[in-house]
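# Breakdown of the fold
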Amino acid sequence: MTHVLRPIGLLAELTHRCPLQCPYCSNPVNLDRKSGELDTATWKRVFAEASELGVLQVHLSGGEPTARSDLPDIVAHCREVNLYTNLITSGVLLDQPALQRLYDAGLDHIQLSIQDVEEANADRIGGYRGGHAKKLDLAKRVVALGLPLTVNWVVHRQNIHNLGRMIELAVEMGAKRVEIAHTQYYGWAFKNRRALMPTYRQTLDAIALVEEARRRLEGVIVIDSVVPDYYARFPKACVGGWGRRAINITPQGRVLPCHAAETIPGLVFDNVKDKPLSEIWLNSEAFNAFRGTDWMPDLCRNCDRKEIDWGGCRCQAMAITGSASETDPACSLSPLNATLRAMAEEDSAAEPDAFRYRRFGG
Ligand code: SF4
Ligand code: FES
């Protein structure tokens, strides 16, 4: 019987509406529509339940969470129930009054995503003209308010050449932290692999550049970066291990162990409209499906890294092998690792496809 820990982090996808259309979006290909979104009272109940369950941090995400007019009310409530709030935003809707309302409500942190350092390329990647300038302006206003700022760069073949300048710009902006997020190839990004996949050489250079910057900028800015899966030796402990510390809730209230869990056919997801969060965390079929190590194939079960990476990513295993119960093919010990690597090399060597932008209706 797997021992169930308390969750620490809750990613709340408040809405899938978003003015941007990034081709690597982590939202599902079938986006939830506004008409089915949870109302304010339900979100408040869920956050109170999350706090009781042990959650410390709420990531208010989307889509674009600032598209919800009740966001300040939600932030204030999170503060009342002792949750640390991190707003994950594209920033383009946050004019000064909107930012001030969130600040006054007690928002703790802002994570701003930017698509590139070159304005035209950034606006092209996000599919939103004028977005880049708005983001730079927002960053200034956030820092002026004294709110801690993290800048998030999603890295891929169409911006990886600017990685050094991305880190410099984050420092110039006064960010406390910069996140180098190599694209994760599920959902929209999986569809856009040929447009996004960097070469092995580019990836190695990016890793070296980050290591050098980390040494040089110690004490100036914290640099977080995860080695991209397709070229890694061992997989990442996706979401810190399935059902260990993280919860994801969709705009309509389905409770998922990770943002891409709905790509695994056959899993049944409970909804906060029907059950308390604690019951879902402890007993839901989806959370228990890959919790701990009992579900693992022999390769992982007999491996001394099984409680380090927890077998990697279930959604990646699903996307590449057709079974979520297999070892993540990003692991160099997996028999399918060479196939994954060959796929990545083929995609990165091909002419980049045009973007298939994230839109309602897939
Ligand atoms: Fe991790 Fe499984 Fe690979 Fe071992 S065999 S490193 S547990 S994915
Ligand atoms: Fe689902 Fe990794 S994204 S387990």
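This section reports on the structure supplied with the text.

The rules we used
- Residues numbered from 1 in each chain as written.
- Chains lettered and ligands numbered in written order.
- Predicted model: local features only at pLDDT ≥ 70, side-chain atom pairs only at ≥ 80, totals over all residues.
- Heavy atoms only, no water.
- Helix = DSSP H or I, 4+ residues; strand = E, 2+ residues; numbered from the N terminus.
- Rg over C-alpha atoms; globule rule 2.2 N^0.38 Å.
- Buried < 20%, exposed > 50% of the residue type's maximum accessible area, 1.4 Å probe, protein only.
- Contact = heavy atoms within 4.5 Å.
- Near = heavy atom within 4 Å.
- Nonpolar A, V, L, I, M, F, W, Y, C, P; charged D, E, K, R; others polar.
- Expected span 1.5 Å × (residues − 1).
- Arc of directions from axis to C-beta.
- Phe/Tyr/Trp six-rings, centres within 6.5 Å; stacked < 30°, edge-to-face > 60°.
- Lys NZ or Arg CZ within 6 Å of the ring centre and 35° of its normal.
- Core = buried A, V, L, I, M, F, W, Y, C linked by side-chain atoms within 4.5 Å.
- Salt bridge = Lys/Arg side-chain N within 4 Å of Asp/Glu carboxyl O.
- Pairing = 2+ DSSP bridges.
- Axes fitted to C-alpha atoms, helices over the stretch in contact; angles between N-to-C directions.
- Parallel < 35°, antiparallel > 145°, perpendicular 65-115°, else oblique.
- Left-handed = near helix turned anticlockwise from the far one by under 90°.

This part takes up the overall build of the protein. Helices and strands together make up the secondary structure of the protein, namely 14 helices and 9 strands. Against the 2.2 N^0.38 benchmark of 21 Å for 362 residues, the protein shows a C-alpha radius of gyration of 20 Å, consistent with a compact globule. Each principal axis of the C-alpha atoms in the protein carries an extent, and together these give about 55 × 45 × 45 Å. By residue count, 54% of the 362 residues in the protein fall in the buried class.

Looking at where A122 falls in the secondary structure, it is placed in helix α4 (residues 119-126). Accessibility expressed as a relative area gives 3% for A122, which makes it buried. When the C-alpha atoms of A122 and G311 are compared, they prove to be 35 Å apart, with 189 residues separating the residues in sequence. Setting aside chain neighbours within four positions, we find A122 in contact with Q115, D116 and H132.

Here the focus is the site of ligand 1. Around ligand 1, the surrounding shell consists of F234, P235, L299, C300, C303, R305, K306, D309, G311, T327, C331 and L333. Tallied by class, residues from the shell around ligand 1 come to 7 nonpolar, 2 polar and 3 charged.

Right, let's get into helix α9 (residues 200-216). The end-to-end C-alpha distance of α9, which contains 17 residues, comes to 25 Å, matching closely the 24 Å that a straight helix rising 1.5 Å per residue would cover. Within the sequence span of α9, burial applies to T203, A206, V210 and A213. All buried residues of α9 fall inside an arc of 90 degrees around its axis, so they share one side. Opposite its buried face, α9 presents the exposed residues R201, R215 and R216, each directed more than 90 degrees away. Buried residues belonging to α9 abut α6 (163-173), β6 (177-182) and β7 (222-226).

The next subject is the packing of aromatic side chains. Under the criterion given, the structure shown has 7 aromatic pairs. Aromatic pair Y185 and Y230: ring centres 5.3 Å apart, planes at 50 degrees, arrangement tilted. Of the two residues, Y185 sits in the loop between β6 and α7 (187-191) while Y230 sits in the loop between β7 and β8 (246-249), which places them 45 residues apart along the sequence. Residue Y185 shares its accessibility class with Y230, and that shared class is buried. Plain terms: the ring middles of F290 and W295 are 5.4 Å apart, the flat faces sit at 85 degrees to each other, and that makes the pair edge-to-face. The class of F290 is buried, set by a relative accessible area of 8%. Residue W295 is classed as buried on the basis of its relative accessible area, which comes to 15%. Taken together, the ring pairs connect W242, F290 and W295 into an aromatic cluster. In this structure, R193 is placed above the aromatic ring of F190, and the distance from its NZ or CZ to the ring centre is 4.2 Å. Cation over ring: R305 sits above F234, and NZ or CZ is 4.1 Å from the ring centre.

What follows deals with the nonpolar core. In this structure, F47, L60 and W153 are the most contacted members of the largest nonpolar core, which totals 62 residues. Apart from residues no more than four positions distant in its own chain, F47 is found in contact with L10, A12, L14, V58, L60, I74, H77, C78, V81 and L83.

For the rest of this paragraph, the subject is the pattern of salt bridges. Taken as a whole, this structure holds 20 salt bridges when the rule is applied. Notably, a salt bridge pairs R141 with D137, separated by 3.1 Å at the nearest N-O pair. You can see R141 and its partner D137 sitting in helix α5 (residues 131-145), 4 residues apart, about one turn around the helix. A residue is classified by how much of its surface remains accessible, and R141, at 17% relative accessible area, is buried.

Before going further, it helps to spend a moment on the sheet that holds β6. Where strands meet in a sheet, backbone hydrogen bonds hold them as pairs that are either parallel or antiparallel. Taken in spatial order, the 9 strands line up as β7-β6-β5-β4-β3-β2-β1-β8-β9 in an open sheet, and their pairing is mixed. Edge positions in the sheet fall to β7 and β9 (255-256), since each of these pairs with one other strand and no more. Two elements, strand β1 (residues 9-13) and strand β2 (residues 57-61), share 5 bridges in a ladder whose sense is parallel. Across the sheet, residue A12 finds its bridge partner in β2, namely L60.

A few words now on the pairing of β8. Note: β1 against β8, 4 bridges, orientation parallel. Paired with A12 across the strands is I249, a residue of β8. One ladder, built from 2 bridges, connects β8 with β9; its direction is antiparallel. Note that in β9 the partner of N248 across the bridge is L256. Linkage of β8 to β9, two consecutive antiparallel strands, is achieved through a turn of 5 residues, within which G253 is found at a positive phi near 100 degrees.

Take the packing of helix α1 (residues 40-53) against helix α2 (residues 71-80) next. Contact geometry for α1 and α2: axes closest at 10 Å, N-to-C directions at 20 degrees. Classified by the interaxial angle, the pair formed by α1 and α2 is roughly parallel. Of the two elements, α1 crosses α2, and the hand of that crossing is right-handed. Side by side, α1 and α2 meet where T40, W43, K44, F47 and A48 of the first sit next to D73, I74, H77 and C78 of the second. Residue classes in the contact of α1 with α2 are distributed as 5 nonpolar, 2 polar and 2 charged.

Keep in mind these values describe shape, not function.
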